[in-house]
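So you can see what is in the structure, the chains are spelled out below.
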Amino acid sequence: MSAPEGAGVRVVLLWGVMGCGEEGNGEPFWRHRCVFLTGSMTMATGGMSSPPSVPRHTNQRPVLFSVGYSTCHWCHVMEEESFKNKEIGEIMNKNFVCIKVDREERPDVDKVYMTFVQATSGGGGWPMSVWLTPDLKPFAGGTYFPPEDGVHRVGFRTVLLRIAEQWKENKDALLQNSQKILEALLHVSEIRVQGQESPPPSKEVMATCLQQLSNSYDEDYGGFSKSPKFPTPVNLNFLFTYWALHRTTPEGARALQMALHTLKMMAHGGIHDHICQGFHRYSTDQHWHVPHFEKMLYDQGQLAATYSRAFQISGDEFFANVVQDILLYVSRDLSDQAGGFYSAEDADSYPTTASEEKREGAFCVWTAEEIRALLPDPVEGATEGTTLGDVFMHHYGVKETGNVSPMQDPHQELKGKNVLIVRYSPELTAAKFGLEAGRLGALLREGRRRLSAARAQRPRPHLDTKMLAAWNGLMISGFAQAGVALAEQEYVSRAARAAAFLRRHLFDPASGRLLRSCYRGEENTVEQSAVPIQGFLEDYVFVIQALFDLYEASLEQSWLEWALQLQHMQDKLFWDPKGFAYFSSEAGDPSLLLRLKNDQDGAEPAANSVTVTNLLRAACYSGHKEWVEKAGQILAAFSERLQKIPIALPEMARATAVFHQTLKQVVICGDPQGEDTKEMLRCVHSIFSPNKVLMLADGDSSGFLYRQLPFLASLERKEGKATAYLCSNFSCSLPVTSPQELRGMLCP
């Protein structure tokens, strides 16, 4: 644990990237990977050997269970303020068994205790502190605590002392209450089919979800709240699907307008890194201006896919440029040389190489003086005396005294600094300085290039080089869908390289199971934990989705075959045969009090939401009708929530429409290398259609697809040309041989 000499907390390490920092090294204690303990969380504090039926060691004190993650800003704050504090550390060591877990490695454990914190405090977030009985039942909890009491908040020291006292004085009452809380949590968190419930009608679910999103929509700045503002790709993907199914209606036009306006405002905002690309986690204000500066892989993957769809639908190069921007950032800064993707970049960094204290956003923000010094050149043809700095600062909202409101800067880390945000259209900025509009782009590019070079001299934020199967899956989908929409083979190749990485490093061919995580080791090797963490439901779901996306982009059948193998394994490990839908974790884990089913599409879509569409795609590629039945059973299990508050599950609401519409199989019969085949494929790829699957019938009757789908053998090329069929439930339309006819079938 990193702490002043002789101070700090003794931490029992559990499952992962937590707590191996040496004392006094100044690094957050969850940044270092080490040999860790496995198994039940009834960890040892000493004790005699016991009969085999009883755990060998049990805790003699309550457990202080802290959950964080590598790039969590407030986790770092609490570490500096409390965990490095000598007196607070002594209180923790004296009274509690202290356990630290990385939520990104053990989302199942995090979800159980976050459910408790949300139910008992009305809120949630990280760092999360939960106090547990020796047998892991929670009885108190919260999120960030300041070290000492304040006007509005009780301090961590006080909380520790009060809980320690209560444990001594009222231990039996706490144990009884924890049991009651657990029973209540089990009841409220249970998701199952009620009686003979069937999938809810998509028309009502879609209409209600659109209305709820429309009611929360910010007409001026886009997004679906005032502040803070999150990217929420799940909302935007729902709106695109609604538009695609209601293209000619006012409601469809409204859905598309909300999605495209939100995406444009985000791309103009400070949440978008205009100098070094990619998107920060979220905006602290209504205007998408001042972000929390960490960058997460799951945001980049989902946003790359969403901006790709925006380009498919609108044809506006603006959206294609944003896709290229995101993928440049990921390729440069979040890519392992073996092919995988790293998890995140931190918000905090040292302002200079001589600094002793990290500050949030230090790597990304600017003073007006810095920009003027970097961009002093007179601009030819502009109003007399205009410098490149003048043009750049005007366009990006830079102020001499800084452009960050004190309301968005509680620790005054950004005082006098500027977060770049596009304030004016190119036409307005050009007019302001008497420039031709065509010249402005080159001037701004040169300004960004110089600022990027200057930023490269600053100390970089911490890079979390953990590689997670689920998030790699989301990023593979981003690259694959971008490759399709932008017709960039390089992106498809990058997606394939990452999928090969998953198969090599995060898949056990002997058992057929996915693993959760691996790590960049010394000399850029890829390392696995001494006891690997098995994959969770979200790992299977996001990887399967990625493999389907990659097949449609590359038409390489091995990805399809692996996706179907993983779907069978997912069914075996996680399906609830009694209540339907999938549990987030496997049965039989002694460290889990509850098996839960996530019921909210948030920063990432819920696994059950995505798996509905996965199952429908799997059925189309395999002919296994039971997967269609399972998709319907999931929708039935979530029926009440979908009908009352579909805004909580926009991805599942979207999937409801796909389920009822029935997926269309677009079959192209042709030579993969033939120009006529490629032309038909380009046509399919250029159209956003949420209820289609694409497959290539190449005539190889011994291939995987022909073995899965015997009906393909009956489809022929017409007059020797590449021929398209539109099939539904394995019954096909008349063949067409021109891209124009095919476009008409896909966009009726």
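Residues numbered from 1 in each chain as written. Predicted model: local features only at pLDDT ≥ 70, side-chain atom pairs only at ≥ 80, totals over all residues. Heavy atoms only, no water.

The protein chain appears in an unreviewed UniProt entry as Spermatogenesis associated 20 from Calidris pygmaea.

**Student:** I'd like a description of the confidence of the model for the protein chain, backed by residues and values.
**Tutor:** The predicted model of the protein chain averages 90 in pLDDT, with 92% of residues at 70 or higher. Across residues 10-54 the pLDDT falls below 50, and counting only partners more than four positions away or on other chains, this stretch makes 140 contacts in the model. (pLDDT = per-residue confidence, 0-100. Contact = heavy atoms within 4.5 Å.)

**Student:** Outline the sheet that holds strand E17 (residues 526-527), supporting the account with residue identities and numerical values.
**Tutor:** Across the sheet, which stays open at both edges, the three strands sit in the order E13-E16-E17 with antiparallel pairing between neighbours. This sheet does not close on itself; its edge strands, each paired only once, are strand E13 (466-468) and E17. Relative to E17, strand E16 (residues 517-520) runs antiparallel, the two being bridged by two bridges. Bridge pairing in E17 links tyrosine 519 to glutamate 527. (Pairing = 2+ DSSP bridges. Helix = DSSP H or I, 4+ residues; strand = E, 2+ residues; numbered from the N terminus.)

**Student:** Go over the packing of aromatic side chains with me, naming the residues and quoting the values.
**Tutor:** On inspection of all chains with the given rule, the structure shows 25 aromatic pairs. Centre to centre, the rings of phenylalanine 83 and phenylalanine 156 are 6.0 Å apart; their planes meet at 70 degrees, and the pair counts as edge-to-face. Placement of the pair is phenylalanine 83 in helix H1 (residues 73-83) and phenylalanine 156 in helix H4 (residues 156-169), with a sequence separation of 73 residues. Accessibility assignment for this pair places phenylalanine 83 and phenylalanine 156 in one class, buried. Aromatic pair phenylalanine 139 and tryptophan 167: ring centres 5.6 Å apart, planes at 20 degrees, arrangement stacked. Here phenylalanine 139, found in strand E5 (residues 138-142), pairs with tryptophan 167, found in helix H4; they are 28 residues apart in sequence, far enough to count as distant. The pair formed by phenylalanine 139 and tryptophan 167 is uniform in burial state, with each residue classed as buried. Through a chain of ring-to-ring contacts, the aromatic side chains of Phe83, Trp131, Phe145 and Phe156 assemble into a single cluster. A cation over an aromatic ring shows up here: lysine 264 above the ring of phenylalanine 318, its NZ or CZ 5.4 Å from the ring centre. (Phe/Tyr/Trp six-rings, centres within 6.5 Å; stacked < 30°, edge-to-face > 60°. Buried < 20%, exposed > 50% of the residue type's maximum accessible area, 1.4 Å probe, protein only. Lys NZ or Arg CZ within 6 Å of the ring centre and 35° of its normal.)

**Student:** Before we move on, could you go through the environment of proline 461 and cite the residues and values that matter?
**Tutor:** Inspection of the secondary structure puts proline 461 in the loop between helix H14 (437-455) and strand E12 (463-464). Look at proline 461 and you get buried, because its relative accessible area is 9%. The spatial distance from the C-alpha of proline 461 to the C-alpha of glutamate 294 is 8.9 Å, given a sequence separation of 167 residues. If near-sequence neighbours (up to four positions away) are discounted, proline 461 is found in contact with Glu345, Asp346, Asp348, Ser349 and Phe363.

**Student:** Mind laying out the packing of helix H10 (residues 317-333) against helix H15 (residues 469-485), listing which residues take part and the relevant values?
**Tutor:** Where H10 contacts H15, the two axes come as close as 11 Å, and the packing angle between them is 135 degrees. Put simply, H10 runs oblique to H15. Taken as a pair, H10 and H15 cross one another with a handedness that is left-handed. On H15, the residues that touch Val323, Leu327, Val330 and Ser331 of H10 are Met475, Phe479 and Ala482. Partitioning the contact of H10 with H15 into residue classes produces six nonpolar, one polar and no charged. (Axes fitted to C-alpha atoms, helices over the stretch in contact; angles between N-to-C directions. Parallel < 35°, antiparallel > 145°, perpendicular 65-115°, else oblique. Left-handed = near helix turned anticlockwise from the far one by under 90°. Nonpolar A, V, L, I, M, F, W, Y, C, P; charged D, E, K, R; others polar.)

**Student:** Talk me through helix H8 (residues 250-268); I want residue IDs and the actual numbers.
**Tutor:** Taking 1.5 Å of rise per residue, the 19 residues of H8 would be expected to cover 27 Å, and the 27 Å separating its terminal C-alpha atoms lies within 8% of that figure. Among the residues of H8, those classed as buried are Gly252, Ala255, Leu256, Met258, Ala259, Leu260, Thr262, Leu263, Met266 and Ala267. (Expected span 1.5 Å × (residues − 1).)

**Student:** How would you sum up the pairing of E16? Please name residues and give values.
**Tutor:** Strand direction decides the pairing type here: E13 and E16, joined by three bridges, are antiparallel. Bridged to lysine 466 within E16 is tyrosine 519. Here E16 folds back onto E17, and the loop between the two strands holds five residues, one of which, glutamate 523, carries a positive phi near 55 degrees.

**Student:** Quick rundown of the sheet that holds strand E21 (residues 731-732)? Include the residues and the values.
**Tutor:** With mixed pairing, four strands are arranged side by side in an open sheet as E19-E18-E20-E21. Looking at the sheet topology across the chains shown, the edges are occupied by strand E19 (692-697) and E21. Where strand E18 (residues 664-669) meets E19, six bridges bridge the pair, whose relative direction is parallel. Each residue of the ladder has a partner; that of lysine 664, found in E19, is lysine 692.

**Student:** How would you explain the side chain of threonine 613 if you had to name every residue and give the values?
**Tutor:** Looking at where threonine 613 falls in the secondary structure, it is placed in helix H19 (residues 607-622). Beyond its immediate stretch of four places on either side in the chain, threonine 613 contacts Glu651, Arg654 and Ala655.

**Student:** Quick rundown of the packing of H19 against helix H22 (residues 650-661)? Include the residues and the values.
**Tutor:** Between two packed helices, the angle of one axis relative to the other and the distance separating the axes together describe the packing. Closest axis-to-axis distance for the H19/H22 pair is 8 Å, and the angle between their directions is 20 degrees. Relative to H22, the element H19 is oriented roughly parallel. Once H19 is placed against H22, the crossing between them reads as left-handed. Contacts between H19 and H22 involve Asn608, Ser609, Val610, Val612, Thr613 and Leu616 on the former and, on the latter, Glu651, Met652, Arg654, Ala655, Val658 and Phe659. Residues belonging to the contact of H19 with H22 are distributed by class as follows: seven nonpolar, three polar and two charged.

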